[in-house]
Amino acid sequence: MANTIVIMTDELRRDCLGCYRNTVVQTPHIDALAARGARFDCAYTPSPICVPARASVATGRHVHETRCWSNAQPYAGEPASWHHVLRDAGQQVHSFGKLHFRSGADDNGFTHEHHPLHVVGGQGWVHGLLRDEDGLFDASGFAGHIGPGEDPYSDYDTRVCDAAVQWIAGQGAAEGAAPWCLYISFLRPHYPLTCPPDFYGLYDPAEVRLPRPARLEGPEQHPVLQWLRHTCDYDAPFDDASRRVAVASYFGLCSFVDHLVGRITGAVSAAGLDDDTAVLFTSDHGECLGDRGFWTKMVMFEESAAVPLILAGPGVTPGTCDAPVSLIDLFPTVLDAAGVPAPDGACPHARSLFDTLDAPRHDRPILSEYHDYGAQTGVFMLRFERWKLVVYSGFAAQLFDLDSDPDELHDVADDPGNAAVLEQLHAHLRTLVDPDAANAQAFADQAARIDALGGREAIKAMQNYDHTPVATQEGA
């Protein structure tokens, strides 16, 4: 049995890491982890939004199975998580940092939660339940908080890292300590894009790339995406100069996170635990970074739905794996690393990354879903072999050939030559979810939640924000 560390970042775009072939962003510690481990080049989030993704990571189940559809419907301790399974098997299981579950009052499966960040008031961003409304928050603040400076998110991550490093050097390194598991979760590089000055100084805004602009006839003009851009128009306040500052800030925040990861892996090495500790590094979703006129996440393009994923430690042969995988796979993977069997039927669609490394499956369908604010209908992404299918319940689907079009510039769903492919992909999707039924269930659950909160007008009168505040939410 090995110790296990899961390092979760927030909104980290896969192609903003050196080990994923980025030649600009400086991430030497994450790159070093990848060099001694397995790098997964085709990993996806179960949902490109925080709360649903994290519920799926915890339970190994898709969003339509957890019914944690939105940032106002958080995980509340059921169904059982991999944290529960490990703790019940006798391991110490400690969380450090962001969880984005309902509350620490719930049994989330941890021996102890250090500096936990849960959703606001046990409810989350309730305004997002009003999916047919726009103007529910002022997106101009996004562009107003860029460049060098101090921010509570960076301060919080530093405190979380300090606590984790101290735990590893103390309890983790104690002679005769039983195997343990740490879930270390950072807020960064999630916006606000205010970057610690030392890390911002690594990048000259004049030399960073501008985001890829939205095209008048590109796939980003799908009517569902048009509405999403309208309701969440982060790009409107920007000009090219400020866009460059925002991109440089994001790059600096990626390097800041890399510094934190280096402190964690350095603590493991200093304690002499490298040969006894599996390390799994990832992010809950990506970041659009202005491409196609989108910032943050919420869409199924690679910049948002794809995630970095690295596994290093005992039993892992260094290399790369291009077989499609999902963050729901963390459930059986962490248990495998710890030598603890998964309960029968706990996560039927998940597959241990160790199994994928031993026997890669390139024909495995991978699912992602989005049912939160800005989506007038449920959005479902299926990655299968070279293809990506995006289904918008009640609207036209999109199809991308990622071999010939890795930047997803051309929707080929209407190509008559792809009719058989479309039929096959829809059939694969139905083995995982009925999109129309899941869409209806999401809206029904959200309508019930709206009623329970006192109705639409009551929700509009509640506290509004566009990212979880740290000061009012951090626990001890």
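Residues numbered from 1 in each chain as written. Predicted model: local features only at pLDDT ≥ 70, side-chain atom pairs only at ≥ 80, totals over all residues. Heavy atoms only, no water.

Hey, could you run me through the packing of helix α1 (residues 28-35) against helix α9 (residues 240-270) in this one?
Axis angle and axis distance: for two packed helices, these are the angle between their axes and the distance between the axes, and together they describe the pair. Taken N-terminus to C-terminus, the directions of α1 and α9 make an angle of 50°; their axes are 7 Å apart at the nearest point. In terms of orientation, α1 lies oblique with respect to α9. For the pair formed by α1 and α9, the contact residues are Pro28, His29, Ile30 and Leu33 on the first element and Asp258, His259, Val261, Gly262 and Thr265 on the second. A breakdown of the residues in the contact of α1 with α9 according to their chemical character gives four nonpolar, four polar and one charged. (Axes fitted to C-alpha atoms, helices over the stretch in contact; angles between N-to-C directions. Helix = DSSP H or I, 4+ residues; strand = E, 2+ residues; numbered from the N terminus. Parallel < 35°, antiparallel > 145°, perpendicular 65-115°, else oblique. Contact = heavy atoms within 4.5 Å. Nonpolar A, V, L, I, M, F, W, Y, C, P; charged D, E, K, R; others polar.)

What is the right way to read the nonpolar core from this model?
Buried together is how nonpolar side chains tend to be arranged in soluble globular proteins. The biggest cluster of nonpolar side chains holds 97 residues, and the ones touching the most others in it are Ile5, Ile184, Phe251, Ile264, Phe281 and Trp295. Residue contributions to this core peak at 14 residues, all from α9. Not counting residues up to four positions away in its chain, the partners in contact with Ile5 are Ile168, Trp180, Leu182, Ile184, Ile264, Val268, Thr277, Ala278, Val279 and Leu280. (Core = buried A, V, L, I, M, F, W, Y, C linked by side-chain atoms within 4.5 Å. Buried < 20%, exposed > 50% of the residue type's maximum accessible area, 1.4 Å probe, protein only.)

Sorry if this is basic, but what is going on with empty space enclosed by the protein here?
Taken as a whole and judged by the stated rule, the model has four cavities of 30 Å³ or more. Size it by volume and the largest cavity reaches roughly 320 Å³. Ile49, Asn71, Trp125, Tyr191 and Asp466 are, among the 26 residues lining the largest cavity, the residues nearest its centre. A breakdown of the residues in the lining of the largest cavity according to their chemical character gives 15 nonpolar, seven polar and four charged. Computed from the structure, the second largest cavity encloses a volume of approximately 50 Å³. What lines the second largest cavity is Val224, Leu225, Leu228, Met298, Val299, Met300, Tyr370, Gly374, Ala375, Val379 and Tyr392. Residue contributions to the lining of the second largest cavity peak at three residues, all from helix α8 (residues 223-231). (1 Å grid on protein atoms, 1.4 Å probe; cavity = no way out; pocket = protein on both sides within 12 Å on 5 of 7 lines; lining within 4 Å. Points joined across faces, edges and corners; volume = space filled by probe spheres on them.)

How should I be thinking about the state of the cysteines in this particular structure?
In protein structure, a disulfide is the covalent linkage between the sulfur atoms of two cysteines. A complete count under the given rule lists zero disulfides for this structure. Distance from the sulfur of Cys42, which forms no disulfide, to the nearest cysteine sulfur (Cys321) is 8.9 Å. A disulfide-free cysteine, Cys68 has its sulfur positioned 13 Å from the sulfur of Cys50, the nearest such atom. Since its relative accessible area comes to 6%, Cys68 is described here as buried. (Disulfide = S-S within 2.5 Å.)

So what exactly am I meant to see when it comes to the packing of aromatic side chains here?
Centre-to-centre distance and the angle between the planes together describe a pair of aromatic rings. Counted by the stated rule, this structure contains 14 aromatic pairs. Relative to Phe101, the ring of Tyr75 lies with its centre 5.0 Å away and its plane at 70°, an arrangement referred to as edge-to-face. Separated by 26 residues along the polypeptide, Tyr75 in the loop between α3 (63-66) and α4 (82-88) and Phe101 in the loop between β4 (92-98) and β5 (112-117) bring together distant segments of the chain. Here Tyr75 and Phe101 have matching classes, each one buried. Pairing Phe301 with Phe400 gives two aromatic rings, centres 6.1 Å apart and planes at 65°, and the pair type is edge-to-face. Placement of Phe301 in the loop between β9 (277-283) and α10 (302-305) and of Phe400 in strand β17 (residues 398-401) is noted, with a sequence separation of 99 residues between them. The two residues Phe301 and Phe400 agree in class, both being buried. (Phe/Tyr/Trp six-rings, centres within 6.5 Å; stacked < 30°, edge-to-face > 60°.)

Is there a simple way to think about the sheet that holds strand β16 (residues 387-392) in this case?
Note on sheets: strands pair through backbone hydrogen bonds, and any given pair is parallel or antiparallel. Here we have four strands laid out as an open sheet, ordered β14-β15-β16-β17, and antiparallel in their pairing. A strand with exactly one partner marks an edge of an open sheet, and here the two such strands are β14 (366-370) and β17. Within the sheet, the average angular offset between the axes of one strand and its neighbour, ignoring direction, is 15°. Relative to β17, β16 is paired through four bridges, and the arrangement is antiparallel. Across the sheet, residue Trp387 finds its bridge partner in β17, namely Asp401. (Pairing = 2+ DSSP bridges.)

It is not clear to me how the sheet that holds strand β13 (residues 325-326) should be interpreted in this structure. Could you clarify?
Strand order in this open sheet of three strands is β10-β3-β13, and the pairing throughout is mixed. Taken across any chain shown, the strands that pair with only one partner, and hence form the sheet edges, are β10 (306-307) and β13. The sheet contact formed by strand β3 (residues 43-44) and β13 spans two bridges and is parallel. Note on β13: the bridge partner recorded for Ala43 is Val325.

Shape descriptors only; they carry no functional weight alone.
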